[in-house]
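# Results of the structural survey
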Amino acid sequence: MILTIIILILIGLGSSVLGALVGIGGGIIIVPALVFIGINLGMIEGMTPQIAIGTSSMILVITGLSGMLAYGKSNQVDRYNGSIFLIGLVPGAFVGSYASSYLTIDSFNLYFGIFLIFISILLTVRDKIKPIKMFQNPKYMRPHVDKDGNVHNYGVQPSIAIILTFIVGFVTGLFGIGGGALMTPLMLIVFRMPASIAIGTSMMLIFFSSMSSAVGHAFQAHVSYWSLLLLAPAAFYGARLGAKISHRFSNDSLVSLLRGALFLIGIYLIIQTVI
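Calculation rules
Residues numbered from 1 in each chain as written. Predicted model: local features only at pLDDT ≥ 70, side-chain atom pairs only at ≥ 80, totals over all residues. Heavy atoms only, no water. Axes fitted to C-alpha atoms, helices over the stretch in contact; angles between N-to-C directions. Helix = DSSP H or I, 4+ residues; strand = E, 2+ residues; numbered from the N terminus. Parallel < 35°, antiparallel > 145°, perpendicular 65-115°, else oblique. Left-handed = near helix turned anticlockwise from the far one by under 90°. Contact = heavy atoms within 4.5 Å. Nonpolar A, V, L, I, M, F, W, Y, C, P; charged D, E, K, R; others polar. pLDDT = per-residue confidence, 0-100. Expected span 1.5 Å × (residues − 1). Bend = angle between axes of the 7 residues up to and from the residue. Buried < 20%, exposed > 50% of the residue type's maximum accessible area, 1.4 Å probe, protein only. Polar contact = N/O pair within 3.5 Å; in protein donor to acceptor, adjacent residues only side chain to side chain. UniProt positions renumbered as here; feature names shortened; annotations may be inferred. Phe/Tyr/Trp six-rings, centres within 6.5 Å; stacked < 30°, edge-to-face > 60°.

Turning to the packing of helix α4 (residues 79–99) against helix α8 (residues 195–219), a few remarks are in order. Running from N to C, α4 and α8 cross one another at 25°; their axes reach a closest spacing of 8 Å. The angle between α4 and α8 places the two elements in the roughly parallel class. Judged by the twist between their axes, the crossing of α4 over α8 is right-handed. On α8, the residues touching Arg 79, Gly 82, Ser 83, Phe 85, Leu 86, Leu 89, Val 90, Ala 93, Phe 94, Ser 97 and Tyr 98 of α4 are Thr 201, Met 204, Leu 205, Phe 208, Ser 209, Ser 212, Ser 213, Val 215, Gly 216, His 217 and Phe 219. Split into classes, the residues belonging to the contact of α4 with α8 amount to 12 nonpolar, 9 polar and 1 charged.

Our focus in this paragraph is the confidence of the model for the protein chain. Residues with a pLDDT of 70 or more make up 91% of the protein chain, whose mean pLDDT is 84. Confidence, expressed as mean pLDDT per element, reaches its minimum in the protein chain at strand β1 (residues 141–145) with 75 and its maximum at α4 with 93.

This part is about α4. A rise of 1.5 Å per residue sets the reference length of α4, with its 21 residues, at 30 Å; its end C-alpha atoms lie 29 Å apart and thus fit the reference within 8%. Along its length, α4 shows its largest kink, about 40°, at Leu 86. Inspection of α4 places Asn 81, Gly 82, Ile 84, Phe 85, Leu 86, Gly 88, Leu 89, Gly 92, Ala 93, Gly 96, Ser 97 and Ala 99 among the buried residues, and these make up the whole buried set. Here α4 starts with a cap whose side-chain oxygen sits 3.3 Å from the backbone nitrogen of Tyr 80, and that cap is Asp 78.

Backbone geometry at Asn 75 places phi at a positive 60°, although glycine is not the residue there. A positive phi is found at Ala 221, a non-glycine position, where the angle reads about 60°. Looking at where Ala 221 falls in the secondary structure, it is placed in the loop between α8 and α9 (225–245).

Residues annotated in UniProt with the feature "transmembrane region" (unreviewed entry) correspond here to residues 7–39, 51–71, 83–102, 108–125, 160–183, 189–211, 223–241 and 253–271. Between the end C-alpha atoms of residues 189–211 the distance is 26 Å, and the span holds 78% helix and 0% strand.

Right, let's get into helix α7 (residues 180–189). With 10 of 10 residues buried, α7 is to be regarded as a mostly interior element. Buried residues of α7: Gly 180, Ala 181, Leu 182, Met 183, Thr 184, Pro 185, Leu 186, Met 187, Leu 188 and Ile 189, and no others.

Moving on, we come to the environment of Ser 227. Structurally, Ser 227 can be placed in helix α9. Sequence spacing of Ser 227 and Ile 9 is 218 residues, and the spatial spacing of their C-alpha atoms is 9.1 Å. In this view, Ser 227 contacts Leu 8, Ile 44 and Thr 55; residues no more than four positions away in its chain are not counted.

Per the counting criterion, the structure on display carries 9 aromatic pairs. A centroid spacing of 6.2 Å and a plane angle of 35° characterise the contact between Phe 112 and Phe 115, whose relative ring orientation is tilted. Taken together, the residues Phe 112 and Phe 115, both in helix α5 (residues 105–125) and 3 residues apart, mark about one turn of the helix. Classification of Phe 112 as buried rests on a relative accessible area of 0%.

Right, let's talk about the side chain of His 217 for a bit. Turning to its location among the elements, His 217 is positioned in helix α8. Sequence-distant contacts of His 217, that is, excluding residues within four places in its chain, are made with Gln 50, Ile 53, Gly 54, Ser 57, Ser 97, Ser 100, Gly 173, His 222 and Val 223.

Right, here's the structure in full:
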């Protein structure tokens, strides 16, 4: 019991620190961790993929709120364009939360494993892909001043943004990942947002999309509240710590560490389906 408590606290703290540092929220770490210790090791009674996903969604509400408040103080949250993203993201997350009920442990391991490998590849190439100019309509261009006083001009075309974010939201609810792992590269590549603003804005998106996903999962009793009580405080302070120390670390080294871990976890989950 004591060991389980310690592990859950470390999962909440570690995932939220890393998630806040690179703008992904930490759900891609929490979900496989809960599945592993809860199902594979049998340390959490009654754990299922759906409960791991629902519990992760609840945690990401805390992580997203904490990170959003911390980044908001340094003007790294684009509230205007973020609100446009939420029009598609929130309903998509709610629909995805109900779609997750069809996942079995084998299908979860397979699909989530493939998804993690996809994210690791996306993190590898995201800095090598030049921002797409075709979505930059002068009609929607708006200036945003970052924490250093630099003015950035970029735009979000609402119709395109809503369609893309609904898809991201669906995946968010399906896997309980918060959406940051997909939204951050999307904001960088498609909408040409500067990295510091994209990471801060992603925490706002994680907060609202995870809230939508969490409500859907709560209606279906897909939450381990005992695990939540241990994970939530650690995640709250971890996200604040991650945002606070983000300027002290090389983003490239953090992303390299994360993508390597995700790739290995993805391979492990896929192997689990064939053993």
